[in-house]
Amino acid sequence: MVNIYSFSQMNEVAPLMDEKTFDYISECEVESFESFADFDLLAFDYYDVRSNDTEDSKTLIYLDNKNLFFFCENNAGVKMIKQIVSEIDKNYSNEQLLYSFFVKLLKGDMDCLDKFEERLNYEEAKLLSGAEKDTLDTILDWRNELMRLKRYYLQLDIIFDEMSANDNDLLSKPTLKKISIIGARTDRYLNAVRNLQDIVSQMREAYQSQLEIQQNDLMKVFTVVTTVFLPLNLITGWYGMNFKDMPELSWRYGYGSIIIVCFLIVIFLLYLFKKKKWI
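Let me begin by describing the structure that accompanies this report. Note that the structure is predicted; figures quoted are calculated from it, not measured.

About the cut-offs
Residues numbered from 1 in each chain as written. Predicted model: local features only at pLDDT ≥ 70, side-chain atom pairs only at ≥ 80, totals over all residues. Heavy atoms only, no water. Helix = DSSP H or I, 4+ residues; strand = E, 2+ residues; numbered from the N terminus. Rg over C-alpha atoms; globule rule 2.2 N^0.38 Å. Contact = heavy atoms within 4.5 Å. Areas by Shrake-Rupley, 256 points an atom, 1.4 Å probe, with all protein chains shown as cover. Lys, Arg positive; Asp, Glu negative; His and termini not counted. Charge placed at Lys NZ, Arg CZ, Asp CG, Glu CD. Core = buried A, V, L, I, M, F, W, Y, C linked by side-chain atoms within 4.5 Å. Buried < 20%, exposed > 50% of the residue type's maximum accessible area, 1.4 Å probe, protein only. Disulfide = S-S within 2.5 Å. Pairing = 2+ DSSP bridges. Axes fitted to C-alpha atoms, helices over the stretch in contact; angles between N-to-C directions. Expected span 1.5 Å × (residues − 1). Arc of directions from axis to C-beta.

Each helix and strand in the protein chain was counted, giving eight helices and five strands. Moving toward the C terminus, one meets the helices and strands of the protein chain in the order β-α-β-β-β-β-α-α-α-α-α-α-α. Over its C-alpha trace the protein chain gives a radius of gyration of 35 Å, far above what one expects of a compact globule, namely 19 Å for 279 residues. Its C-alpha atoms put the protein chain at 110 × 35 × 30 Å along the principal axes. The long-range share in the protein chain, meaning contacts at least 24 apart out of those at least 6 apart in sequence, stands at 66%. For the protein chain, the accessible surface area stands at approximately 17300 Å², while carbon and sulfur atoms represent 53% of it. Distance between charge centres in the protein chain, computed from 31 positive and 44 negative side chains, equals 11 Å.

Right, let's talk about the nonpolar core for a bit. Where a protein is soluble and globular, its nonpolar side chains tend to be buried together. One finds Phe44, Phe101, Phe102, Tyr152 and Tyr153 to be the most contacted residues of the largest nonpolar core, which totals 52 residues. Elements with a contribution of two residues or more to this core: strand 3 (39-46), strand 4 (57-64), strand 5 (68-72), helix 2 (75-86), helix 3 (94-106), helix 4 (109-128), helix 5 (135-165) and helix 6 (173-239). Here the element with the most residues in this core is helix 6; it accounts for twelve residues. With near-sequence residues (within four places) excluded, Phe101 lies in contact with Phe44, Ile61, Phe70, Ile81, Ile84 and Ile88. Counting residues in hydrophobic clusters, the runner-up holds 14 residues, among them Met10, Tyr62, Phe69 and Phe71.

Okay, the state of the cysteines next. Following the criterion strictly, the structure yields zero disulfides and no others. Left without a disulfide partner, Cys112 is nearest to the cysteine sulfur of Cys72, which lies 20 Å away.

Further remarks concern the side chain of Ser100. On the secondary structure map, Ser100 appears in helix 3. Taking relative accessible area as the criterion, Ser100 reaches 14% and is therefore assigned buried.

Overall, mixed pairing links the five strands, which are arranged 1-5-4-3-2 in an open sheet. Two strands lie at the open edges of the sheet, namely strand 1 (2-6) and strand 2 (33-35), each paired on one side alone. Here the average twist between neighbouring strands, direction ignored, is 15 degrees. Strand direction decides the pairing type here: strand 4 and strand 5, joined by five bridges, are antiparallel. Across the sheet, residue Thr59 finds its bridge partner in strand 5, namely Cys72. Each of strand 1, strand 3, strand 4 and strand 5 is contacted by helix 2, which is oriented at about 165 degrees to strand 1, the strand it contacts most.

The subject of this paragraph is helix 8 (residues 254-275). The terminal C-alpha atoms of helix 8, which comprises 22 residues, lie 31 Å apart, in line with the 32 Å expected from a rise of 1.5 Å per residue. Listing the buried residues of helix 8 in full gives Gly254, Cys262, Leu269 and Phe273. Buried residues of helix 8, seen end-on, are gathered within an arc of 80 degrees and therefore sit on one face of the element. Facing away from the buried side of helix 8 by over 90 degrees, the exposed positions are Ile260, Phe263, Phe268, Tyr271, Lys274 and Lys275.

Across the eight residues of strand 4, seven count as buried, placing the element largely inside the fold. Sheet topology note: the strand 3/strand 4 ladder contains eight bridges and is antiparallel. Opposite Phe44, over in strand 4, you have Thr59 as the bridge partner. Taken together, strand 4 and the strand that follows it, strand 5, pair antiparallel across an intervening segment of three residues.

Most of strand 5 sits out of view: five of its five residues are buried. Residues Leu68, Phe70 and Cys72 line one face of strand 5 and the alternating positions Phe69 and Phe71 line the opposite face, and both faces are buried. Sheet topology places strand 1 next to strand 5; five bridges connect them, and they run parallel. Paired with Ile4 across the two strands is Phe70, which belongs to strand 5.

And the structure:
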């Protein structure tokens, strides 16, 4: 028997299971994969790689010799599983159907990851040139999306590894071989996500470096301005003392001379900074 339920509909399968088994499943605390004497429990947070919707949907799968039950946290997950199951041959056994479900679940994911990488490469130049607003927010959004993808594929990877052990002999050898193949495929997806995470991390570091360079340039301007006006402040402070016997105060050309000296100091310092390539 194959059925699909939301978490709120779990009570409908209570008559088909051992009471302790049902109580355990209804707690929804299954960790990735758990193997028991007569049944297997699989759990993962479904993440639609092909959709812009970033909401996770917790999914539980119960498999024994007679039954295959899917339990989903929300209606979107129920709809997704029903769509996939409807495309699978009704004559398949439960283990064949479960394998086909995962094949269809992961179908096209590598193409989506490749497009994600192309988008990163396309946006990288614009982001790092400062042409885009909210650059850091965009990078953080990518980082969060890749973290969810990594968790999703890591959960599936664990499931396929544990299923391959087949401790309770629920799966036939042909199915185990297929599970190993799809497990290797999931490894490739997981590695692709990790590579994308490295790219995003490098982009973030490059952006942070760019901000630091801009801040250094700004500090350089402030330093030059401060240095240029430092001698002028000294002159201003010197002649601001107003001692009675300062001859320049009574000199007819004293005021104009100070102006010329200040102007020459500024010109000289700017020339010196330019020659030293400090500005």
